[in-house]
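Take a look at the letters that make up each chain.
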Amino acid sequence: MITRLTGGRVFDPANGARGDVRDVYIDDGRVVVAPAGGRADQSYDLRNRIVMAGALDIHSHVAGGKVNLARLLMTDDHRDTVAARGALTRSGSGLATPSSFVTGYRYIGMGYTAAFEPAMVASNARSTHAEMADLPIIDKGAYVMLGNDEFLLRLLAAGGEQEHVNDYVAWMMRATGALGVKTVNPGGISAFKFNGRTLDVDTPGPHHGVTPRRVIQALSRAVHEVGVPHPLHTHCNNLGVPGNIDTTLATIAAAEGFPIHLTHAQFHSYGDEGDRHFSSAAARLAEAINRTPNVTLDVGQIMFGQTVTASGDTMMQYRNRVFASPDKWILMDIECDGGCGLVPFRYRDKNFVNALQWTIGLELFLLIEDPWRIFLTTDHPNGAPFTAYPTLVRLLMDRDFRNASLKELHPAAQKATTLGSIAREYTLDEIAIMTRAAPARILGLADRGHLGVGAAADITVYEDDADRARMFATPEYVFKDGTEVAHRGSVVAVPQGRTHVVRPDYDRAIERSIKSFFDDHMTLGFDHFPISTQEIADGGGAMAEHPCRARGRA
Amino acid sequence: MSAATARPIACPFCGLVCDDLLIGASGIETRGCAKAAAGFAAPVVARQHRVGGEVTTLDHAVDVAAGILRGARLPLVSGLGVDLAGARSLMALADRCGAVIDRWQSGVQLDLLRVVQRAGALTATFGEVANRADVVLIVGGDPTRAYPRFGARLLANETALYRDGPPSVVHIGPLSDAPAGVPLAAQVPVDTARLLDALRALGALIDGRRAAGGTAPDLPLAPLGDLAGRLNDARYGAIIWDTAMFPPGEGDLCTTMLLRILRSLNRKTRCVGVPLGGSDNGQGVAQVMLWQAGWPSRLSFAQEVPDHDPWRFDAARLLAAGEVDALLWVSALSPAPPPVAIIPTIALVSPATILRTAPAVEIRVGMPGLDHSGTIVRSDTVIAVPLAAARASGLPSAAVVATAILGRLEAAS
């Protein structure tokens, strides 16, 4: 059956369309060439509408043990916000930590057709996939956390070869059904288990004597050499610490030219200047990004209100527990592999630090020039729930709205920021790059994030509205793989999305040392640790495997 | 058993979910665990489905079950000894038919979860304890009763990564509850009734304050002081307890006190709490409820939105008070029969279950890890373990049956 989307203004940056009026044809879930005579079995009149590919959220904590613990902690969130079941939909609850079905429906209602869980603990992979199976409609995938796993740290401490690191990384990605690799406070989560309370890029860790620099070097190179499309997804050391800009810049250097992605960069762009010893270093990071083409980043914008921070970074979450609001927190050491920490936060615009965090995120968005290398995130739920995206888009596209919002902030924060003087307003083309074309490209999803022939027909149709928050909150139509799934925010069909994975090759000789590590030390056996593709499929929904192109040694 | 033909298999019969058992041509090597041996030897006492006591087809039994649920004003889904797939399907069914869903005897787990909801937690998985803990404190009842290989799996790791020898293990609780087969470095004898006070005193001593000995002259202050010193001096301490074995009515308070102790210790060194409580996939079921609805137990869908109340939606209370008018009982991981109820009961039970009275509908479902493959979550909450089919019984899984019932309800609506 051929569907024609007629007469919309198409923003498809990957294929050079910048508001061009044209028809889009869909057949069997894909964008197809116009059939002879433009014949179609059904059509949508999209004159004066704006048409984009479905948006992709490159970093959103939507599934896994840590997210579930956050739900457990956020009792008020689940009492105050409830969603009733419908004829097609399941019930649910929560705003900062929404339950799984509600998460999928809300993303789809906003025109997002994929969200990626960025912090899958390897030993929690099986649970994470089971939970992702209950994220309806949207596509998903996960980045496995490495860099605090004792196997890797011991390998590096023993002076292991890069080839072995590569083989181990590839094995881990297959074993956990991952799309990417993330490192979180490299070496720091392990250090905390040895009672280390801080770790800088060049500090040898307390037990292994391995520096974070060495971990970043080895992992960024491994990810590149085994051919994983997405660069090492990096949560730097010293998250949230005033003056951490030096750590962040050192992290970029540690990648030694290999591709590296800095995640929630807002939390890593702090100076320690001024009376309060807390200042914006966004300009310094932006300047470095603008001249360093191997670096990409997502922002992790904060928005004011109640949320919860959910992180693998136990060292920093322990430190931040004093800011918990309400005053409760969870910390967990996980299986010689990782950890997690949950600390509820209430970001307040009249609080100097929170206000400055808000301006720092926006400064990053506006000072980094290339929209192909910066991604729109709130690090859901850490900076704010993902439902804040439409307002964030308006802040980027509407300078008057931004400056009016700025006037509400703590007066000292207003004085400390240059935000008010920045004239830039994002265009629809740049929004389409930042939320569609660029994330699909950086993740290696060749058939997503664009509307060229052969692309998956994940499509969002907006009514043009000068209030960009309203426009982006409730698209008129959302299509997933060619099926209309949402109309003005209401879910009208509930197909199951795909789980995106890569399965890089490796030399099987590495399995001997991994097996002996499991036999000697681990409480789950080597045979039971890997999750099979069948297990992922049994959860429901299809798996989409993307190619890895192994790259020779640089 | 020949190592060449044997392959490792996971055991679903307690919350440790040991996955180092071996299955081969001659059966299952259960590594000396009587609980596992008994579990894997579960007899097939019945494998036929029944309606009103009469043998029938699965198809007909599913039809009748759907009819009962459709006609009920407030059905109750309980038991819930199921794998992850079973829990996911039963939540879908409960949501669709506006039921209350509560794991049978979830109260013990709730004591722990309520402390987490109110104050938080400081915890670790088994692998951290087995590889790091140099000092281990076991609190209260003997954990080896419910978790037979506790010592072997968590304490006796001969190739631990980050400790030199076995950990110093201290037990606080009644002498009669000393953990069986676990060599102790010290014992702090405290009657169950005084356990909470002893933990309070321990907390004070850890903080360098004086325990209120004047009001508790019977507490063993010297051993408590020694224990406080061990925990303060530990590089990586672990405090382990079986949540089911706290003094009745004091589980919440004991857990809160332990959290306070853990927070205090972590200011200077590392120490983690490891609650054992989650056999029959209790942790996995709680997690599915959390991710699907936002609450870990005692959940009602009667108002079309998830609603949690630890008192109102307690399965045992609802049954006793006559507030529900149909019961869907699901027990696939253990042979637990449904409680005797006067309301129409649909029983999805294992082939080992002995039913003394015939429920309205009896459907025999396979046991995960025995009759069919599946996944359950260990008591330490992070690790989901794949289970294999150890025998070929041909019985349907609870997930398949629940999904079939849901299908009938949706087809009729």
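Our structure is the block above this text.
Residues numbered from 1 in each chain as written. Chains lettered and ligands numbered in written order. Predicted model: local features only at pLDDT ≥ 70, side-chain atom pairs only at ≥ 80, totals over all residues. Heavy atoms only, no water.

> How should I be thinking about the overall build of chain B in this particular structure?
Secondary structure assignment for chain B yields twelve helices and 20 strands. Here the C-alpha atoms of chain B give a radius of gyration of 23 Å, agreeing with the 22 Å that 2.2 N^0.38 yields for 413 residues. Counting the 413 residues in chain B, one finds 63% classified as buried. (Helix = DSSP H or I, 4+ residues; strand = E, 2+ residues; numbered from the N terminus. Rg over C-alpha atoms; globule rule 2.2 N^0.38 Å. Buried < 20%, exposed > 50% of the residue type's maximum accessible area, 1.4 Å probe, protein only.)

> Honestly, the sheet that holds strand S1 (residues 7-9) of chain B in this entry has me stumped. Any pointers?
Within a sheet, adjacent strands bond to each other through the backbone by hydrogen bonds, running parallel or antiparallel. All names here are of chain B. Reading across the sheet, the three strands line up as S1-S2-S3 and stay open at both edges, with antiparallel pairing between neighbours. With one partner strand each, in any of the chains shown, S1 and strand S3 (27-29) form the two edges of the open sheet. This sheet shows a mean twist of 40 degrees between the axes of neighbouring strands, independent of strand direction. Summarising the sheet, S1 and strand S2 (residues 21-24) pair through three bridges and their orientation is antiparallel. Paired with Arg7 across the bridge in S2 is Ile23. (Pairing = 2+ DSSP bridges. Axes fitted to C-alpha atoms, helices over the stretch in contact; angles between N-to-C directions.)

> Please explain the packing of aromatic side chains as it appears in this structure.
Both the distance between ring centres and the angle between the ring planes are used here to describe each pair of aromatic rings. All names here are of chain A. Enumeration over the complete set of coordinates arrives at 24 aromatic pairs over all chains. Here Tyr107 and Tyr112 contribute two aromatic rings whose centre-to-centre distance is 5.7 Å and whose plane-to-plane angle is 55 degrees, an arrangement assigned as tilted. In this structure, Tyr107 and Tyr112 share a single accessibility class: buried. Aromatic side chains Tyr107 and Phe386 sit 3.8 Å apart centroid to centroid with 10 degrees between the ring planes, which places their arrangement in the stacked category. Pair noted here: Tyr107 is in helix H3 (residues 100-109) and Phe386 is in the loop between strand S20 (374-375) and helix H13 (389-397), with a separation of 279 residues, a long-range link. Accessibility classification places Tyr107 together with Phe386 in one group, the buried group. Linked through ring pairs, Tyr107, Tyr112, Phe386 and Tyr389 together constitute an aromatic cluster. The ring of Tyr318 has Arg321 sitting right over it, with the charged end atom 3.9 Å from the ring centre. (Phe/Tyr/Trp six-rings, centres within 6.5 Å; stacked < 30°, edge-to-face > 60°. Lys NZ or Arg CZ within 6 Å of the ring centre and 35° of its normal.)

> What is the right way to read the pairing of strand S20 (residues 384-387) of chain B from this model?
The two faces of the sheet receive side chains in turn, since in a regular strand these alternate between them. Residue and element names in this part refer to chain B. The side-chain alternation of S20 yields two buried faces, one formed by Ala384 and Pro386 and the other by Val385 and Leu387. Both strand S19 (residues 374-377) and S20 contribute to a ladder of four bridges, which runs antiparallel. If you follow Val377 over to S20, its bridge partner there is Ala384. Hairpin remark: S19 followed by S20, antiparallel, with six residues in the connecting loop; positive phi at Thr381, about 75 degrees.

> When you look at the pairing of strand S18 (residues 361-364) of chain B in this model, what are you seeing that I'm missing?
Residues and elements named next belong to chain B. Burial along S18 is two-sided: Val361 and Ile363 and Glu362 and Arg364, pointing in opposite directions, are all buried. Looking at chain direction, strand S4 (residues 49-51) and S18 are connected through two bridges and run antiparallel. Bridge pairing in S18 places Arg50 opposite Glu362. As paired elements, strand S17 (residues 345-349) and S18 share four bridges and run parallel to each other. Residue pairing for S18: Val349 is matched across the bridge by Arg364.

> How do you make sense of the interface of chain B and chain A when you look at a structure like this?
Put simply, an interface is often sized by how much accessible area is lost when its parts join up. Counting residues at the interface gives 66 residues for chain B and 62 residues for chain A. Both faces considered, chain B and chain A share a buried interface measuring about 5,400 Å² in area, 50% of it formed by carbon and sulfur atoms. Among the residues of chain B in contact with chain A, B:Tyr162, B:Arg270 and B:Trp291 are the three that bury the most area, contributing 13% of the side total. In this structure, the connection of chain B to chain A is made through eight salt bridges. A:Arg85 is paired through a salt bridge with B:Glu304; the nearest N and O atoms lie 4.0 Å apart. (Contact = heavy atoms within 4.5 Å. Buried area = accessible area lost by both parts, 1.4 Å probe. Salt bridge = Lys/Arg side-chain N within 4 Å of Asp/Glu carboxyl O.)

> It is not clear to me how the packing of helix H12 (residues 352-367) of chain A against H13(A) should be interpreted in this structure. Could you clarify?
Packed helices, taken two at a time, are described by the angle their axes make and the gap between the axes. Residue and element names in this part refer to chain A. One way to put it is that H12 packs onto H13 with a least axis distance of 10 Å and a crossing angle of 60 degrees. Taken together, H12 and H13 sit at an angle that is classed as oblique. Considering how the two elements wind past one another, H12 and H13 form a crossing that is right-handed. Contacts between H12 and H13 involve Trp358, Leu362, Phe365 and Leu366 from the first element and Leu392, Leu395 and Leu396 from the second. Of the residues belonging to the contact of H12 with H13, the class tally is seven nonpolar, no polar and no charged. (Parallel < 35°, antiparallel > 145°, perpendicular 65-115°, else oblique. Left-handed = near helix turned anticlockwise from the far one by under 90°. Nonpolar A, V, L, I, M, F, W, Y, C, P; charged D, E, K, R; others polar.)

> Is there a simple way to think about the nonpolar core in this case?
One broad trend across soluble globular proteins is that nonpolar side chains are buried collectively. Counting residues in each nonpolar core, the largest one holds 213 residues, and the members touching the most others are A:Phe365, B:Val139 and B:Ile172. Once residues lying within four places of it in the same chain are set aside, the contact partners of B:Ile172 are B:Leu137, B:Ile138, B:Val139, B:Gly140, B:Val188, B:Val190, B:Leu195, B:Ala198, B:Leu199 and B:Leu224. Judged by nonpolar contacts, the second largest core, of 47 residues, contains B:Ile68, B:Trp295, B:Ala332 and B:Ile346. (Core = buried A, V, L, I, M, F, W, Y, C linked by side-chain atoms within 4.5 Å.)

> Sorry if this is basic, but what is going on with helix H18 (residues 510-521) of chain A here?
In an α-helix there are 3.6 residues to a turn, and that puts residues three or four apart on one side. Taking 1.5 Å per residue, twelve residues should reach 16 Å; H18(A) reaches 17 Å between its end C-alpha atoms and fits that length. For H18(A), the set of buried residues is A:Ile510, A:Glu511, A:Ile514, A:Phe517, A:Phe518 and A:His521. The arc that holds the buried residues of H18(A), viewed along the axis, is 125 degrees, so those residues lie on one side. The inward-facing, buried residues of H18(A) contact helix H5 (150-157) and helix H6 (162-176) of chain A together with helix H5 (126-132) of chain B. (Expected span 1.5 Å × (residues − 1). Arc of directions from axis to C-beta.)

> Looking at this model, I keep getting lost on the sheet that holds strand S16 (residues 326-331) of chain B. Mind explaining?
Residues and elements named next belong to chain B. The strand order across the open sheet formed by nine strands is S5-S4-S18-S17-S16-S6-S7-S14-S15, and the pairing between neighbours is mixed. Pairing within the sheet leaves two strands with one partner each, and these edge strands are strand S5 (54-56) and strand S15 (307-308). In the packing of helix H2 (residues 58-71) onto the sheet, the strands contacted are S4, S5, strand S6 (75-81), S16, S17 and S18, and the crossing angle to S18 comes to about 130 degrees.

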